[in-house]
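The primary structure of each chain is shown beneath.
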Amino acid sequence: MAEQGSGRLKGRRIVVTGAARGMGLATAEIFAAEGAKLALCDRDEQAVRANADRLGQFGAGCDVADEADVARFCEQAEQAMGGVDGLINAAGILIMKPMLETSLAEWQRVLDVNLTGTMLMCKTLAPAMQRAGGGTMVNIASIGGLRPGPGSGAYSVSKAGVIMLSNSLASELGPEIRVNTVCPGTIPTDMVTDLLASSRERLTETPALKRLGRAEDVVKAMLFLTSDDSSYVTGDTLTVDGGWAYR
Ligand SMILES: NC(=O)c1ccc[n+]([C@@H]2O[C@H](COP(=O)([O-])OP(=O)(O)OC[C@H]3O[C@@H](n4cnc5c(N)ncnc54)[C@H](O)[C@@H]3O)[C@@H](O)[C@H]2O)c1
């Protein structure tokens, strides 16, 4: 793909999870336009490979909750790009259920994908970034990880865990590796189709900015946290929610 951005990621080699669609795909498109070399993964292998081919990047199937799968993909990614110095963890799942109706299997799957999957990617790629002389990790949590809302307990717990995971890693991996978190508000992707069908008006009216977010709003925050523009920022949580979380 021809470069259309300002080249803020020129020479950077970045892994993006959850890149079959939604914010992971938007990240791949914008980061490629900013000059990055990318390795994309998703559990939807067909879609992520098609996106990678279209963008002229490496792509492969991977379940981020599966340790062996993560190890295999990360090795391929390092080889394909000649090193790794960036990571965006966008893979995630949402189960909207009150806590008392959430089965143990549902609870475990949400924590496995959202929290353990993020941890596995960070843990597996940190040595590659150390070999490369440093890097950046950005993990997508959610405003659900900052304050509770009815009907998404397991998801909120997993995202609160992502925030503390990121901060713990930031304290351990500096000065070579910076680790930050973004907390999006409601972004109309496939993940929230059902939620928007029932609550679009409330979700649009609650933020101070009186609109839903766009995937691009979140990607631009992650571009800042991945680029040298944020070279003194680590262990931070950036909310991209139109002013929802603290109202
Ligand atoms: N959309 C929102 O309103 C919103 C708000 C806050 C946070 N988030 C978070 O943003 C991230 C991206 O979400 P989105 O809105 O783009 O959702 P999405 O459903 O459009 O995309 C998520 C992607 O993750 C992939 N994925 C799911 N489980 C996986 C696994 N085990 N291994 C590999 N890939 C897997 C899916 O196949 C999909 O391509 C998620 O972590 C989500 O929790 C979303």
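What counts, and where the lines are drawn
Residues numbered from 1 in each chain as written. Predicted model: local features only at pLDDT ≥ 70, side-chain atom pairs only at ≥ 80, totals over all residues. Heavy atoms only, no water. Helix = DSSP H or I, 4+ residues; strand = E, 2+ residues; numbered from the N terminus. Core = buried A, V, L, I, M, F, W, Y, C linked by side-chain atoms within 4.5 Å. Buried < 20%, exposed > 50% of the residue type's maximum accessible area, 1.4 Å probe, protein only. Contact = heavy atoms within 4.5 Å. Expected span 1.5 Å × (residues − 1). Bend = angle between axes of the 7 residues up to and from the residue. Phe/Tyr/Trp six-rings, centres within 6.5 Å; stacked < 30°, edge-to-face > 60°.

A. Layout of the environment of Thr193. Tracing the sequence through the fold places Thr193 in helix 6 (residues 193-205). Linking Thr193 and Glu45, residues 148 residues apart in sequence, is a C-alpha distance of 22 Å.

B. Geometry of the nonpolar core. Counting residues in each nonpolar core, the largest one holds 32 residues, and the members touching the most others are Val15, Phe73, Leu87, Met121, Leu125 and Met137. When residues of this core are traced back to their parent elements, those giving at least two are strand 2 (37-42), helix 3 (67-81), helix 4 (104-131), helix 5 (153-173) and strand 6 (177-184). No other element matches helix 4, which puts nine residues into this core. Contacts of Leu125, omitting those with residues within four sequence positions, involve Val15, Cys74, Val84 and Leu87. The next biggest cluster of nonpolar side chains, apart from the first, holds 29 residues, and it includes Ile14, Val16, Ala28 and Leu40.

C. Looking closely at helix 4. For helix 4, which comprises 28 residues, the first-to-last C-alpha distance of 39 Å matches the rise-based estimate of 40 Å (1.5 Å per residue) to within 8%. At Asp112, helix 4 shows its maximal kink, close to 35°. Two residues or fewer after helix 4 comes Gly133, characterised by a positive phi angle close to 95°.

D. Focus on the packing of aromatic side chains. Taken as a whole, this structure holds one aromatic pair when the rule is applied. Ring plane angle 20° and centroid distance 6.3 Å describe the contact between Phe58 and Phe73, whose orientation is recorded as stacked. Of this pair, Phe58 sits in strand 3 (residues 58-61) while Phe73 sits in helix 3; the two residues are 15 residues apart in sequence, bridging distant segments of the chain. Since its relative accessible area comes to 25%, Phe58 is described here as partly exposed.

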